Amino acid sequence: MSTLSYIKNFIKDRDVAAITPSSSFLVKRVCRWVDFTAPNVIVEYGPGTGVFTEHLVAEMTRDSKLVLIEGNQAFVEKLRQRFGHDERVEVVHDRAENVEAILEAAGESAADYVISGIPFSFLDDAVKHELLQRTRRILNDDGKFLVYQNYNHMEKPLRRHFGHVHKEYEILNLPPMFAYQATK
Ligand SMILES: C[S@@+](CC[C@H](N)C(=O)[O-])C[C@H]1O[C@@H](n2cnc3c(N)ncnc32)[C@H](O)[C@@H]1O
């Protein structure tokens, strides 16, 4: 069902950048970097049909907040159907590049985690660096930027904007993915 939805949207929208959602192995690898015992403000860039979102809403505390920023209209509708009833979740049809205004409109001044699945390689260099700068700005001092990408092109730009970058590789995903944890 979800793979079909990806294929249909992949054909129409190059930003979808995948023909199937991330695997449960990748979701677990990235989400184990989140401390789910604390109330968190979490922002997700490019949730797609919500495979990470599903895990986040199941694990996060009742007083946490999750802001989903998705650029594809069809996926936004799906996300609203799946998570619209959860008052901790806000689904925003917009681009991650506008994260500062989106977070402010959501009534939050900073985030504890930003989790990103958007294809950074599709962004112009200037736009990419601007988004990394904005992401750093909205994160709390001990906040984490968690990124997954299908080749290792984000290590260098992440190191330029963040003080510490930890990298892992998840082979059990189609395609295999690099996962990064970046902190200030
Ligand atoms: C590779 S898919 C990942 C989807 C999902 N997170 C997963 O892991 O299966 C990339 C997603 O990012 C969205 N996207 C791409 N560029 C975006 C941007 N600049 N802002 C917000 N969403 C974007 C696409 O529409 C798509 O849903």
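All of these numbers come straight from a predicted model, not from anything done at the bench.

K.L.:
Would you take a moment to explain the overall build of the protein for this structure?
P.N.:
Within the protein, the regular secondary structure consists of seven helices and seven strands. Along the protein, from the amino end to the carboxyl end, the secondary structure elements read α-α-β-α-β-α-β-α-β-α-β-α-β-β. Since a compact globule built from 184 residues should have a radius of gyration of about 16 Å, the 15 Å found for the protein is in line with a globular shape. Principal-axis analysis of the C-alpha atoms places the extent of the protein at approximately 40 × 35 × 30 Å. Looking at the protein as a whole, 39% of its 184 residues qualify as buried. Across the protein, every contact between residues at least 6 apart in sequence was considered, and the portion connecting residues at least 24 apart equals 67%.

K.L.:
Can you help me understand the nonpolar core in this one?
P.N.:
One recurring pattern in soluble globular proteins: nonpolar side chains tend to sit buried together. I42, V43, I69 and A111 are the most contacted members of the largest nonpolar core, which totals 44 residues. In terms of residue count, strand β5 (residues 139–149) provides more of this core than any other element does, five residues in total. In this structure A111 touches V41, I42, V43, L103, I138, L139, N140 and G143, once residues within four positions along its chain are discounted.

K.L.:
It is not clear to me how the sheet that holds strand β4 (residues 111–116) should be interpreted in this structure. Could you clarify?
P.N.:
Where strands meet in a sheet, backbone hydrogen bonds hold them as pairs that are either parallel or antiparallel. Strands sit in the order β3-β2-β1-β4-β5-β7-β6 across an open sheet of seven strands; the sheet is mixed. The sheet is open, and its two edges are formed by β3 (89–93) and β6 (164–170), each paired on a single side. Neighbouring strand axes in the sheet, compared pairwise and without regard to direction, differ in orientation by 15° on average. With six bridges joining them, β5 and strand β7 (residues 177–183) adopt antiparallel strand pairing. Across the sheet, V147 pairs through a bridge with Y180, a residue of β7. Docked against the sheet, helix α6 (residues 125–138) engages β4 and β5, running at close to 140° with respect to β5.

K.L.:
Any chance you could explain the site of the ligand here in plain terms?
P.N.:
Around the ligand, a shell composed of 23 residues is seen, among which S22, G46, G48, G71 and G117 lie nearest. Only α3 (51–59) and β2 (65–70) provide two or more residues apiece to the shell around the ligand.

K.L.:
Could you clarify how one ought to interpret helix α2 (residues 24–31) in this entry?
P.N.:
One turn of an α-helix holds 3.6 residues; hence residues three or four places apart share an orientation. All of the buried residues in α2 are L26, V27, R29 and V30. Looking straight down α2, one finds that the buried residues subtend no more than 165° of arc, so they occupy a single side. Of the surrounding elements, those touching the buried residues of α2 are α3, β4, β5, β6 and β7.

K.L.:
Would you mind showing me how to read the pairing of strand β1 (residues 41–45) here?
P.N.:
Across a regular strand the side chains alternate sides, sitting on one face of the sheet and then on the other. The buried count for β1 comes to five of five residues, which makes it a mostly enclosed element. Covered by surrounding structure in β1 are V41, V43 and Y45 together with I42 and E44, the residues of both alternating faces. With five bridges connecting them, β1 and β2 associate as parallel partners. Looking at β2, one finds that V43 is bridged to V67. Of the pairings in the sheet, the one linking β1 to β4 comprises four bridges and is parallel in character. Across the sheet, Y45 pairs through a bridge with S116, a residue of β4.

Each value, and the rule that gives it
- Residues numbered from 1 in each chain as written.
- Predicted model: local features only at pLDDT ≥ 70, side-chain atom pairs only at ≥ 80, totals over all residues.
- Helix = DSSP H or I, 4+ residues; strand = E, 2+ residues; numbered from the N terminus.
- Rg over C-alpha atoms; globule rule 2.2 N^0.38 Å.
- Buried ≥ 20, exposed ≤ 12 C-beta atoms within 10 Å, placed from the backbone.
- Contact = placed C-beta atoms within 7 Å.
- Core = buried A, V, L, I, M, F, W, Y, C linked by C-beta atoms within 7 Å.
- Pairing = 2+ DSSP bridges.
- Axes fitted to C-alpha atoms, helices over the stretch in contact; angles between N-to-C directions.
- Near = placed C-beta within 6 Å.
- Arc of directions from axis to C-beta.

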